[in-house]
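Chain by chain, the residues run as shown.
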Amino acid sequence: MRYLFAIIFSVVSLCASAQDETTAVVANTVKFGYISYRQVFQEMPEHAIAAKQIEDLKAKYEEEAKRVEDEFNNKYEEFLDTQSDLPKSILQKRQGELQELLAKNIEFKAESRRLLAQAEKDAYAPLHAKLQQILKVVGQEDGYAFIINIDDNACPFINPEMGTDVTKVVIKLLQELQ
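Note that the structure is predicted; figures quoted are calculated from it, not measured.

## Digging into the overall build of the protein chain
Within the protein chain one finds five helices and three strands. Order of helices (α) and strands (β) in the protein chain, N terminus to C terminus: α-β-α-α-α-β-β-α. Counting over 178 residues, the protein chain shows a buried share of 22%. For the protein chain, the accessible surface area stands at approximately 13200 Å², while carbon and sulfur atoms represent 57% of it.

Shown next, in the form of structure tokens:
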């Protein structure tokens, strides 16, 4: 029984040693890059143009929301001023109109948020595609197995001896394409 235990222990030790060597070889051959995607994205010249378009659209939606809100407030104030003089049927009719107007205002705000989100997605889609293409080129030219996005503390530690920060390289390539 002792011999069997000794043999099993030896085999396990050899397997662990071989695995450590394999891991060391793989670690020495795998190259990767890392990038602040957000920083690169915001430095793209097209980003400022798209952001301006989105801000303009947002301002138009906010202006319309303010107009509708003011209209509702004026009607509500008028209702409060005259409600004591109104017959019950007219009072109920006006209350219904105010409730309907309020519901439409809420619906408009929700729809405008959805439309703004879609407009932002559509405006930035070509920029994301362009950046993805550049990352692919950098990854292939420099022989990286992958490029990690380090934004939002997604990767709290990267050993600089094992990975390369490609943020500045990508920014430079983007500038050269302009």
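## Let's talk about the sheet that holds strand 1 (residues 32-35)
As summarised here, the arrangement of the three strands in space is 2-1-3, forming an open sheet in which the pairing is parallel. Both edges of this open sheet fall to strand 2 (146-149) and strand 3 (163-165), since each of them pairs with a single strand only. The sheet shows a mean angle of 30° between the axes of neighbouring strands, taken without regard to direction.

## A short note on the packing of aromatic side chains
The tally for this structure, following the rule as stated, stands at five aromatic pairs. Plain terms: the ring middles of phenylalanine 41 and tyrosine 124 are 5.2 Å apart, the flat faces sit at 75° to each other, and that makes the pair edge-to-face. Of this pair, phenylalanine 41 sits in helix 2 (residues 37-43) while tyrosine 124 sits in helix 4 (residues 88-141); the two residues are 83 residues apart in sequence, bridging distant segments of the chain. Tyrosine 124 shares its class with phenylalanine 41; the two are buried. Here the aromatic rings of tyrosine 61 and phenylalanine 108 are separated by 6.2 Å at their centres, their planes lie at 50°, and the arrangement is tilted. Of this pair, tyrosine 61 sits in helix 3 (residues 45-82) while phenylalanine 108 sits in helix 4, and the two are 47 residues apart along the sequence. Linked through ring pairs, Tyr37, Phe41 and Tyr124 together constitute an aromatic cluster.

## Some thoughts on the environment of alanine 117
In this structure, alanine 117 sits in helix 4. What makes alanine 117 partly exposed here is its relative accessible area of 46%. For the pair alanine 117 and isoleucine 54, spaced 63 residues apart in sequence, the C-alpha separation works out to 9.3 Å.

## Considerations on the confidence of the model for the protein chain
Predicted confidence across the protein chain gives a mean pLDDT of 86, with 84% of residues reaching 70 or more. Taken as a whole, residues 4-9 scores under 50 in pLDDT and shows zero contacts with residues more than four places along the chain or in a different chain.

About the cut-offs
- Residues numbered from 1 in each chain as written.
- Predicted model: local features only at pLDDT ≥ 70, side-chain atom pairs only at ≥ 80, totals over all residues.
- Heavy atoms only, no water.
- Helix = DSSP H or I, 4+ residues; strand = E, 2+ residues; numbered from the N terminus.
- Buried < 20%, exposed > 50% of the residue type's maximum accessible area, 1.4 Å probe, protein only.
- Areas by Shrake-Rupley, 256 points an atom, 1.4 Å probe, with all protein chains shown as cover.
- Pairing = 2+ DSSP bridges.
- Axes fitted to C-alpha atoms, helices over the stretch in contact; angles between N-to-C directions.
- Phe/Tyr/Trp six-rings, centres within 6.5 Å; stacked < 30°, edge-to-face > 60°.
- pLDDT = per-residue confidence, 0-100.
- Contact = heavy atoms within 4.5 Å.

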